[in-house]
Number of protein chains: 2
Amino acid sequence: MKVGVFDSGIGGLTVVKSLLEHQLFEEIIYFGDTARVPYGIKDKNTIVRYSLEALEFFKNFDIDLLITACNTVSAYALEEMRSQAPFDVIGVVEPGIIATQNALDDKHSNILVLATQATINSKAYETLLQRADFKNITSKATGLFVPIIEEGLFEGEVLQSVMTHYFKEVPCPDAIILGCTHFPLISQTIGSYFGHKATLIHSGEAIVEYLEAHYKFEKKFSNPKLKFFASENPEALRAIARDWLSVET
Amino acid sequence: MKVGVFDSGIGGLTVVKSLLEHQLFEEIIYFGDTARVPYGIKDKNTIVRYSLEALEFFKNFDIDLLITACNTVSAYALEEMRSQAPFDVIGVVEPGIIATQNALDDKHSNILVLATQATINSKAYETLLQRADFKNITSKATGLFVPIIEEGLFEGEVLQSVMTHYFKEVPCPDAIILGCTHFPLISQTIGSYFGHKATLIHSGEAIVEYLEAHYKFEKKFSNPKLKFFASENPEALRAIARDWLSVET
């Protein structure tokens, strides 16, 4: 199977990392909209428009499946993309909810959803968690994590002070949904803030679980074809991919 | 005179504030490219392309002058814009340099340039300061200030820890160039970090000085016409303008 992975920027490479580790696909085609990143501070209309333009790009490839790695796109544009796509389109929100359900037995567990302002505004996670009968949900727009991670500050005083700013009144969570592609890069630091007591829900892992439950993968591909595209400076994105994923690009 | 003010987002309103205080223009037309903000993390090619698109927009109005309030645009796209514009185009870099020269007698004064990654990479300020014979220039890409300001954190622990991160090895400056439209909003906090000893160079004030030196303003306009446009959600931009500038929009 050939899969497309769409993200607003470089963050979706954390999802590609999970796909590579599980050797699910023969070919992975990645597109990051680096010329218009970030999406998480923008409006629904803009996010939907950009996502449909990305969809047109993926129509040029003979893919079987498109994953929208970006949680903001998954929260706002999935239905519109599905209605215009000749292939399956899977977001990261629903797989994240299923992974949360699998991790928690008690519907009164404290769940902390971390995401961009746009994703939190959409209430996509909150609505599905309530539908799954969870009672104690705290949603936090933690948008500053994104530029801090892009600045390479995965731990240390800046991140600590930002975590204190966001989390000081948050009840100690049993599960934390990392609702933005960047957040797995600081999952250790976030987990440590809450004493390593919470289960961390990572979109990449969640989507692998989801794919294995819904599709037949008959063989493993240890050396898939990889193509990386970006709306500006694809060479910079490829360099990051080589570094993060230890692959040839 | 009618003036256009172009910015990548809302930050350029700090320049509009200075223009309004000095009552220079009969009409001010503002455009913020909020659907593609921020520019300061993007490539030269992208910045130039977006700037020329904004120029086309301003050609629809009968303006006498266009101010690029965004330092990143001023650093990268000014020549290209000038070559295609039927009106004068003024950036904020050169006025900032002139204001610095007016403020400092000693060419060995310590100058600290704060700007986005793209503006710092361009070396626009550094080159012009060296040409003006200044010897001690420190340039610092302080991109995290932008989302922190947009989160409304104009002081407090988050900003303190980020300033410590950026400034811990910076020599105590005699002048600080606030090389990004957002930074005037935290000028007090930045000044206080260095014991209020440095002169702060603010683009809005610098451009007023520059305009008064280069153009004839024969009368004052205490109640200019104002028009605010944005590439997404102009209503949100107008609301911020009403709040920041205390004007009707």
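Residues numbered from 1 in each chain as written. Chains lettered and ligands numbered in written order. Predicted model: local features only at pLDDT ≥ 70, side-chain atom pairs only at ≥ 80, totals over all residues. Heavy atoms only, no water.

K.L.:
Explain the sheet that holds strand β8 (residues 199-202) of chain B to me, please; I cannot follow it from the model alone.
P.N.:
Two strands in a sheet stick together by hydrogen bonds in their backbones, pointing the same way (parallel) or opposite ways (antiparallel). All names here are of chain B. Across the sheet, which stays open at both edges, the four strands sit in the order β6-β5-β7-β8 with parallel pairing between neighbours. Both outer strands of the open sheet, β6 (136-141) and β8, are each paired with one neighbouring strand and no more. Strand-to-strand twist across the sheet, computed as the mean angle between neighbouring axes with direction ignored, equals 20°. Alignment of strand β5 (residues 110-115) against strand β7 (residues 175-179), held across five bridges, turns out to be parallel. Bridge pairing in β7 links L114 to L178. On the sheet, helix α7 (residues 124-131) packs against β5, β6 and β7 and is oriented at approximately 175° with respect to β6. (Pairing = 2+ DSSP bridges. Helix = DSSP H or I, 4+ residues; strand = E, 2+ residues; numbered from the N terminus. Axes fitted to C-alpha atoms, helices over the stretch in contact; angles between N-to-C directions. Contact = heavy atoms within 4.5 Å.)

K.L.:
Help me understand the environment of B:A69, please; the structure alone is not making it clear to me.
P.N.:
Residue and element names in this part refer to chain B. Mapped onto the fold, A69 is located in the loop between β3 (65-68) and α3 (71-76). Spatially, the C-alpha atom of A69 lies 16 Å from that of E21, the residues being 48 residues apart in sequence. If near-sequence neighbours (up to four positions away) are discounted, A69 is found in contact with V5, F6, D7, G12, V15, V92 and T181.

K.L.:
Quick question: what am I supposed to make of the sheet that holds strand β4 (residues 88-90) of chain A here?
P.N.:
All names here are of chain A. With parallel pairing, the five strands of this open sheet are ordered in space as β4-β3-β1-β2-β9. Two strands close off the open sheet at either side, each with one partner strand: β4 and β9 (225-230). Strand-to-strand twist across the sheet, computed as the mean angle between neighbouring axes with direction ignored, equals 20°. One ladder, built from three bridges, connects strand β3 (residues 65-68) with β4; its direction is parallel. Within β4, the residue paired with L66 across the bridge is V89.

K.L.:
What's the story with the packing of helix α1 (residues 13-21) of chain A against helix α11 (residues 203-214) of chain A in this structure? I'm lost.
P.N.:
Residues and elements named next belong to chain A. In contact at an axis separation of 8 Å, α1 and α11 are set at 45° when each is read in the N-to-C sense. The orientation of α1 relative to α11 falls into the category oblique. At the point where α1 passes α11, the crossing takes the right-handed sense. Between α1 and α11, the contacting residues are V15, S18, L19 and E21 on the first element and S203, G204, E205, I207, V208 and L211 on the second. (Parallel < 35°, antiparallel > 145°, perpendicular 65-115°, else oblique. Left-handed = near helix turned anticlockwise from the far one by under 90°.)

K.L.:
Looking at this structure, I do not really get the interface of chain A and chain B. What am I missing?
P.N.:
Accessible area lost on assembly of the parts is the figure often given for the size of an interface. Between chain A and chain B, the contact holds 24 residues from the first and 25 residues from the second. Interface of chain A and chain B: buried area, both sides summed, is about 1,900 Å²; carbon and sulfur atoms make up 54% of it. At the junction of chain A with chain B, the criterion picks out zero salt bridges. Here chain A and chain B share 13 residue pairs in polar contact (both at pLDDT 80 or more) between them. Contributions of two or more residues to the side of chain A that touches chain B are made by α2 (44-58), α8 (145-150) and α9 (157-167) of chain A. In terms of residue count, the dominant contributor to the side of chain A that touches chain B is α9(A) (six residues). (Buried area = accessible area lost by both parts, 1.4 Å probe. Salt bridge = Lys/Arg side-chain N within 4 Å of Asp/Glu carboxyl O. Polar contact = N/O pair within 3.5 Å; in protein donor to acceptor, adjacent residues only side chain to side chain.)

K.L.:
What's the story with the pattern of salt bridges in this structure? I'm lost.
P.N.:
Side-chain pairing between opposite charges can occur once the charged atoms of the two side chains come close. Following the criterion strictly, the structure yields 18 salt bridges over all chains and no others. The residue A:K59 makes a salt bridge to A:E56 at a minimum N-O spacing of 2.9 Å. Linking B:K227 and B:E27 is a salt bridge whose minimum nitrogen-to-oxygen distance equals 3.1 Å. Residue B:K227 is found in strand β9 (residues 225-230), and its partner B:E27 is found in strand β2 (residues 27-32); the two are separated by 200 residues along the sequence. Taken together, the salt bridges that share partners define one network made up of A:K2, A:E27 and A:K227.

K.L.:
What am I meant to see in the relation of the copies chain A and chain B here?
P.N.:
Two copies of the chain are present, and they differ by a rotation about an axis and a shift along that axis. For the pair chain A and chain B, the superposition axis carries a translation of 0.0 Å, the fit reaches an RMSD of 0.0 Å, and the rotation angle comes to 180°. Viewed as a symmetry operation, the transformation between the two copies matches a two-fold axis. When C-alpha positions in chain A are compared against the rotation axis, the closest is assigned to A:R36, at 2.5 Å. Take the interface residues of chain A: 100% of them recur as interface residues in chain B, which is what a same-surface contact looks like. (Least-squares fit on C-alpha atoms with pLDDT ≥ 70 in both.)

K.L.:
Just checking my understanding: could you explain the domain arrangement of chain A for this structure?
P.N.:
All names here are of chain A. Under the domain assignment used here, chain A contains domain 1 (2-91 + 205-245) and domain 2 (94-203). Distance from the C-alpha centre of domain 1 to the C-alpha centre of domain 2: 21 Å. Taken together, the contact between domain 1 and domain 2 spans 25 residues of the former and 24 residues of the latter. Put simply, domain 1 and domain 2 have zero salt bridges between them. Counting across the interface, domain 1 meets domain 2 through 16 residue pairs in polar contact (both at pLDDT 80 or more). Sorting the residues of the side of domain 1 that touches domain 2 by element identifies α1, α3 (71-76) and α11 as the ones contributing at least two each. Among the elements that line the side of domain 1 that touches domain 2, the one with the most residues is α11, at five residues. (Domains from an automatic or database assignment.)

K.L.:
What exactly am I supposed to notice about the nonpolar core here?
P.N.:
Generally speaking, a soluble globular protein has its nonpolar side chains buried in company with each other. Counting residues in each nonpolar core, the largest one holds 46 residues, and the members touching the most others are A:F145, A:F167, A:I190, B:F145, B:F167 and B:I190. Of all the elements in the fold, those that place two or more residues in this core are β5 (110-115), α8, α9 and β7 (175-178) of chain A together with β5, α8 (145-150), α9 (157-167) and β7 of chain B. Leaving out residues up to four positions away in the same chain, A:I190 has contacts with A:L114, A:F145, A:M163, A:F167, A:I176 and A:L178. Core analysis: the next-biggest nonpolar cluster, separate from the first, contains 44 residues, A:Y39, A:V93, A:I97 and A:A118 among them. (Core = buried A, V, L, I, M, F, W, Y, C linked by side-chain atoms within 4.5 Å. Buried < 20%, exposed > 50% of the residue type's maximum accessible area, 1.4 Å probe, protein only.)

K.L.:
How should the pairing of β7(A) be read in this particular structure?
P.N.:
Put simply, side chains in a regular strand alternate between the two faces of the sheet. Residue and element names in this part refer to chain A. Side chains A175 and I177 project from β7 onto one buried face, and the interleaved I176 and L178 project onto a second face that is buried too. In the sheet, β5 pairs with β7 via four bridges, with the strands oriented parallel. Bridge pairing in β7 places V113 opposite I177. The pairing of β7 with strand β8 (residues 199-202) spans four bridges and is classified as parallel. The residue of β8 that forms the bridge with I176 is L200. The parallel pair β7 and β8, bridged by helix α10 (residues 187-193), forms a crossover whose chirality is right-handed. (Right-handed = clockwise from strand over helix to strand, strands pointing away.)

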